[in-house]
Each structure stands twice: as C-alpha cells, then as structure tokens.
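One letter stands for each residue in the lines below.
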Amino acid sequence: MDHAAFMRRAIDLSYEKMIAGIGGPFGAVIVHDGCVVAEGWNRVWSAMDPTAHAEVVAIRRACRILETYQLADCSIYTSCEPCPMCLGAIYWARLQVIYYANTRDDAAAIGFDDSFVYDELALPLNQRRIPTRRLLGNEAMAVFRVWQEKADKKLY
Ligand code: 4UO
Ligand code: ZN
C-alpha cells in the first residue's frame, strides 16, 4: 500500500485541474484493494455544481464503478482536509480511512475558509445564518411512519 503514491496522485490532480481552469486546487482518489478505483477533482465552476468538491466527485464515481452505495472497504486520499459537506459524504459512504495533505487552516489561508460552518452546527436552528424554519412536520412524519413499517427497505 503506497500511501505517498496515492496522495501524490491526489495532489497532482489538484494541480492539473486547477491549472486547466476546471476548479479550485483540490484532488482526491479512492483506493480499493490497493488500487485506485476512482479519482475526483474540484469541478464547482466548470460543472456549475456547488457540491462538486473533489471528495464528493470521487465518491460518486467509486460507487458507480463498484456498483454500491457504501465504500466500507475503501480509503480516500484527499489533497486537503475535507470540508463539513465532504466529511458528511465520507461518513455516509462508510469509507474506512481518510488521508489528507493540506489542512483546513492551509485552505483558509488561501481564501477557502469554512470555519463558520463548524460554528453553525453548534447553534440552535433559529440562530443560524440561513433562516431555518419548520413547516408541516406532522405531514412529513406520516411518510416516516410508512418507512418504519416498510418490509423491503435497505438500511442506511
Ligand atoms: O474540492 C474541495 N475539496 C476540499 O477538500 N476542500 C474544498 C474543495 N473545494 C473547496 N474547498 C474548501 O477548502 C476548505 C477545506 O476543506 C473548505 O473551505 C472547503 O470549502
Ligand atoms: Zn468539500
């Protein structure tokens, strides 16, 4: 398992795609059984997709290639410590290990500062930057009850 080679590939992607004007300087690879199964790079501008961070792109590709929605036997090598969105995606994908190179402080120093998101999570819903209001909770709960009784459901 050549950790440095996998991380170097993530870093190379972060550089090449950034120079090509595809997005910010972020790359990631997902490794399964000692092989790279999927690569990702930041495509936020080019794909006009604010969720197209390197890690999310790599996770989507790996799931498609391995035909699964869980990557429990895989690790991710990302050129930068994952942001809260990507960290969430990594947990939902059940990835085994996260390897990172640049830190979130390094990213903040070049203008990618997401520290406020971590603070937001600790705030009550009615004190968050984006107004967050509850509507029709009872009606939505009816769907949850149907899910609870459903026989053929997959567990997430
Ligand atoms: O594609 C990305 N991958 C990352 O790991 N981080 C990214 C990406 N695009 C933007 N950022 C920002 O970098 C900081 C550290 O993760 C956060 O501010 C991210 O939003
Ligand atoms: Zn991210």
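Residues numbered from 1 in each chain as written. Chains lettered and ligands numbered in written order. Predicted model: local features only at pLDDT ≥ 70, side-chain atom pairs only at ≥ 80, totals over all residues. Heavy atoms only, no water.

Colleague: How should I be thinking about the overall build of the protein chain in this particular structure?
Modeller: The secondary structure content of the protein chain amounts to six helices and four strands. Scanning the protein chain from its N terminus toward the C terminus, one meets helices and strands in the order α-β-β-α-β-α-β-α-α-α. Taking the principal axes of its C-alpha atoms as reference, the protein chain extends roughly 50 × 40 × 25 Å. Here the protein chain holds 156 residues, and the buried ones make up 30% of them. Once local pairs closer than 6 in sequence are excluded, the contacts in the protein chain between residues at least 24 apart make up 46%. Total accessible area on the protein chain stands at roughly 10,300 Å², and carbon and sulfur atoms take up 57% of it. (Helix = DSSP H or I, 4+ residues; strand = E, 2+ residues; numbered from the N terminus. Buried < 20%, exposed > 50% of the residue type's maximum accessible area, 1.4 Å probe, protein only. Contact = heavy atoms within 4.5 Å. Areas by Shrake-Rupley, 256 points an atom, 1.4 Å probe, with all protein chains shown as cover.)

Colleague: Would you mind going over the site of ligand 1 with me for this structure?
Modeller: Contacts to ligand 1 come from 13 residues, most closely from Asn42, Ala54, Glu55, Glu81 and Phe112. A distance of 2.6 Å is found between an oxygen atom of ligand 1 and a side-chain nitrogen or oxygen belonging to glutamate 55. Contact with the protein chains hides 92% of the accessible area of ligand 1, taken as 400 Å² for the molecule alone. Along the lines of polarity and charge, the residues of the shell around ligand 1 split into seven nonpolar, two polar and four charged. (Near = heavy atom within 4 Å. Polar contact = N/O pair within 3.5 Å; in protein donor to acceptor, adjacent residues only side chain to side chain. Nonpolar A, V, L, I, M, F, W, Y, C, P; charged D, E, K, R; others polar.)

Colleague: How should I be thinking about the coordination of the zinc ion (ligand 2) in this particular structure?
Modeller: For a metal bound by four donors in tetrahedral geometry, the ideal donor-metal-donor angle is 109.5 degrees, whereas six donors in octahedral geometry ideally sit at 90 or 180 degrees. Bound to the zinc ion (ligand 2) are the protein donor atoms His53 (ND1), Cys83 (SG) and Cys86 (SG), situated 2.0 to 2.2 Å from the metal. Sequence positions of the residues that donate to the zinc ion (ligand 2) give the spacing H-x29-C-x2-C. Within this pair, whereas histidine 53 is found in the loop between strand S2 (35-41) and helix H2 (54-66), its partner cysteine 86 is found in helix H3 (residues 84-92), the two being separated by 33 residues in sequence. Exposure remark for cysteine 86: the relative accessible area of 0% places this residue in the buried category. (Donors = N, O, S within 2.8 Å, 3.2 Å for Na, K, Ca; no water.)

Colleague: Would you mind showing me how to read the nonpolar core here?
Modeller: Ile30, Ile59, Ala62, Leu71, Ile76 and Leu95 are the most contacted members of the largest nonpolar core, which totals 22 residues. For this core, the elements supplying multiple residues, two or more each, are strand S1 (27-32), S2, H2, strand S3 (74-80) and H3. Looking at which element gives the most residues to this core, the answer is H2, with six residues. For isoleucine 76, the contacting residues outside a window of four places in its chain are Ala28, Val29, Ile30, Glu55, Ile90, Leu95, Val97, Ile98 and Tyr99. (Core = buried A, V, L, I, M, F, W, Y, C linked by side-chain atoms within 4.5 Å.)

Colleague: Would you explain the side chain of glutamate 55 in this entry?
Modeller: Secondary-structure assignment places glutamate 55 in helix H2. This buried residue, glutamate 55, is left without a salt bridge; arginine 60 holds the nearest opposite charge, at 11 Å. Every residue in contact with glutamate 55, bar those within four places of it in the chain, is listed here: Ala28, Ile76, Thr78, Cys80, Pro82 and Cys86. (Lys, Arg positive; Asp, Glu negative; His and termini not counted. Salt bridge = Lys/Arg side-chain N within 4 Å of Asp/Glu carboxyl O.)

Colleague: Is there a simple way to explain the pairing of S2 in this structure?
Modeller: Within a regular strand, the side chains alternate between the two sheet faces. Bridge count for S1 against S2 is six bridges, and the pairing is antiparallel. What sits directly across from valine 31, in S2, is valine 36. Between S1 and S2, which pair antiparallel in sequence order, lie two residues; one of them, aspartate 33, sits at a positive phi of approximately 50°. (Pairing = 2+ DSSP bridges.)

Take it as geometry only, folks, not as evidence of what the structure does.
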